[in-house]
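Working through the structure, step by step
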Amino acid sequence: MKILVAVKRVVDFNVKVRVKSDGSGVDIANVKMSMNPFDEIAVEEAVRLREAGVATEIIVVSCGVAQCQETLRTALAMGADRAILVQTDDELQPLAVAKLLKAIVDREKPQLIILGKQAIDDDSNQTGQMLAALSGLGQATFASKLAIADGQAQVTREVDGGLLTISVKLPAVVTTDLRLNEPRYVTLPNIMKAKKKPLETVTPKDLGVDVRARLQTLRTVEPSQRKAGIRVPDVATLVQKLRNEAKVIS
Amino acid sequence: MTALVLAEHDNQRLRPSTLSVVAAAGRLGGDVHVLVAGGNCAEVARQASQVAGVAKVLVADAPHLADGLAECVSEQVAALAGNYSHVLAAATSFGKDVLPRAAARHDCALVSDIITIESPDTFARTIYAGNAIATVRCSEPIKFATVRPTAFDAAATQGGSAPIEAVAVVPDPGLSRFVSRESAKLDRPELQGAKIVISGGRGLGSAENFKLLAQVADRLNAALGASRAAVDAGYAPNDWQVGQTGKIVAPQLYMAVGISGAIQHLAGMKDSKVIVAINKDPEAPIFQIADYGLVADLFEALPQLLKELG
């Protein structure tokens, strides 16, 4: 079974971004970039399926600037077999990414497509679902458990009310949630090996996809900042303040 | 200009988040219709017809729609979307699962988790774990958007008397099926809309210790929340997680107990009216946004809190 995993290069989750005062956006120049944490989980799940003998090949794809190659090399070092970079400097929004991935899906015909549930920069949580719809496939989003058997994926999903288990026919799109697995650390020998694994570069034009941005960002601002309040010396004072000052409890 | 709101429900009761989406839809200026897609969901349609501001309720009632499967519900939405200027759903796990499919079927972008409506085509949403707010303009022929429930006060449950109309059911595409559901029965308010939330972090140390928190929650009629660390460690179930990729809440009072205050957790609760932090580490980042900070051992503070609350 072939698995396709999509990964995104994003600002590292530890970085608290600075909003530019002219409203033009977030300052990410010279900021540490990493693989989106949910996408690490996606790669890890694919590698585990291969180690379990369920998958035979893992293809990892990323869409964006040339430096996405680094993200792809990390995925290869984690255990993916080959990589595809869809290279463009244009702003890519979820619908465009979904179309690019669909073109790759049409080409590679994977039985399982795994994406992270959301990218921690844009926080959209759309691409996997859109890809599934464009490809006419079933989906299982926010997966915390995944089992493949008899041409189906049985997926336990983390939903607002608890856990929901569904069975979806393959090929299908699965998006990962935090507790699906804990990604492995990349070892130096594997990083060296990854340099020899194939990495192909294509463009949106090669794939026949129009990636025009549909949503226009007019301005980006900082949210109103909360200031630290006061320290209270003990519980009694805390309760008194909540009752009489803040008036949020009776 | 007419907006279609996708209702969220369990075939018996309309969920409160839908009321916030109806309120948001009302701000667009045109009529608001509500789509109830479910199985034996006539009661939900009736409740929806009574919501203030709803002009019409559309019902698609069939067994394959009963479990809210994304492939089925999204096809139902997509079949109707062409009649509307806006299609909205709550930014809940259901809305986020379903609406992007419908948008993609119409080759339209979707604006996720909007917190403000500036005009019928301009919306604000948070990015970078709530550290920035982007105002976006959508010029698509149909504006698909998910709405953050805490950003819009719920429409009243009474006052409306909309006609209910059955719509043609789109057949089951047969791509997935429901297997099972695990949800804890709650004797306390739901996290999403609760007025008071008490959250525990890794500092609680065990699921057993969360019961201490539960006692305080019971006394305050509060909902229980948790940090990602606590959920990962198995001290709390996943649906208690508050944060960037968990639930985003905005209660009157949020008490963070044994929670350090990582960026991702803050994203889920920093719009709370009053924030209290109890942590034995005086340097914990949570104190930077807490209105009232108590540096204390939570195992001493919690019993004291119970006593003080009476």
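Here goes a summary of the coordinates provided. Since we're looking at a predicted model, the values are computed, not measured. (Residues numbered from 1 in each chain as written. Chains lettered and ligands numbered in written order. Predicted model: local features only at pLDDT ≥ 70, side-chain atom pairs only at ≥ 80, totals over all residues.)

1. Observations concerning the overall build of chain A
Helices and strands together make up the secondary structure of chain A, namely 6 helices and 15 strands. Each of the three principal axes of chain A carries a C-alpha extent, and together these read 65 × 45 × 40 Å. Here chain A holds 250 residues, and the buried ones make up 49% of them. Taking the intrachain contacts of chain A between residues at least 6 apart in sequence as the baseline, contacts between residues at least 24 apart amount to 69%. (Helix = DSSP H or I, 4+ residues; strand = E, 2+ residues; numbered from the N terminus. Buried ≥ 20, exposed ≤ 12 C-beta atoms within 10 Å, placed from the backbone. Contact = placed C-beta atoms within 7 Å.)

2. Things to note about the environment of Asp89 of chain A
Residue and element names in this part refer to chain A. Residue placement: Asp89 occurs in the loop between strand S7 (82–87) and helix H3 (94–108). The class for Asp89 is exposed, based on 8 C-beta atoms found within 10 Å. Taking the C-alpha atoms as reference points, Asp89 and Gly208, 119 residues apart in sequence, are found 16 Å from one another.

3. Observations regarding helix H8 (residues 298–309) of chain B
Residues that lie three or four places apart on an α-helix share one face, since the helix turns once every 3.6 residues. Along its 12 residues, H8 of chain B runs 16 Å from first to last C-alpha, staying within 8% of the 16 Å computed at 1.5 Å per residue. Those residues of H8 of chain B that are buried lie in contact with helix H6 (235–244) of chain A together with helix H5 (210–220), strand S13 (253–257), strand S14 (274–279) and strand S15 (292–295) of chain B. Gly310 of chain B lies just past H8 of chain B and shows a positive phi near 80°. (Expected span 1.5 Å × (residues − 1).)

4. As for the interface of chain A and chain B
If you look at the interface, chain A gives 65 residues, while chain B gives 72 residues. Within the residue set of the side of chain A that touches chain B, elements represented by two or more residues are H3, helix H4 (127–135), strand S9 (138–149), strand S10 (152–159), strand S11 (162–169), strand S14 (215–221), strand S15 (230–231) and H6 of chain A. For the side of chain A that touches chain B, the element with the highest residue contribution is S11 of chain A, accounting for 8 residues. With 2 bridges connecting them, S15 of chain A and S15 of chain B associate as parallel partners. Each residue of the ladder has a partner; that of Ile230 of chain A, found in S15 of chain B, is Tyr292 of chain B. (Pairing = 2+ DSSP bridges.)

5. Overview of the nonpolar core
All names here are of chain A. Grouped together as the largest cluster of nonpolar side chains are 200 residues, with contacts concentrated most on Val5 and Val60. For this core, the element with the most residues is H3, which contributes 8 residues. Apart from residues no more than four positions distant in its own chain, Val60 is found in contact with Val5, Val7, Val43, Leu72, Ala75, Leu76, Ala80 and Ala83. (Core = buried A, V, L, I, M, F, W, Y, C linked by C-beta atoms within 7 Å.)

6. A short note on the sheet that holds S11 of chain A
On the basis of which strands lie adjacent, the open sheet formed by 10 strands has the order S13(A)-S7(A)-S6(A)-S1(A)-S8(A)-S12(A)-S9(A)-S10(A)-S11(A)-S10(B) and mixed pairing. Strands with a single pairing partner mark the edges of an open sheet, and in this sheet they are strand S13 (199–202) of chain A together with strand S10 (176–182) of chain B. Strand-to-strand twist in this sheet, taken as the mean axis angle between neighbours without regard to direction, amounts to 30°. Helix-sheet contacts for H4 of chain A involve strand S8 (112–116), S9 and strand S12 (172–176) of chain A, and the interaxial angle to S9 of chain A is about 75°. (Axes fitted to C-alpha atoms, helices over the stretch in contact; angles between N-to-C directions.)

7. Describing the environment of Gln87 of chain A
Residue and element names in this part refer to chain A. In this fold, Gln87 is placed in strand S7. Put simply, Gln87 and Leu4 are 83 residues apart on the chain and 17 Å apart in space, counted from C-alpha to C-alpha. Beyond its immediate sequence surroundings of up to four residues, Gln87 is in contact with Ala66, Thr201 and Thr203.

8. Remarks on the sheet that holds S15 of chain B
Spatially, 6 strands are ordered S15(A)-S15(B)-S14(B)-S13(B)-S11(B)-S12(B) in an open sheet, and the strand pairing comes out parallel. Where the open sheet ends on each side, the last strands, each with one partner, are S15 of chain A together with strand S12 (223–226) of chain B. Relative to S15 of chain B, S14 of chain B is paired through 4 bridges, and the arrangement is parallel. Within the sheet, the bridge partner assigned to Ile278 of chain B lies in S15 of chain B and is Leu294 of chain B.

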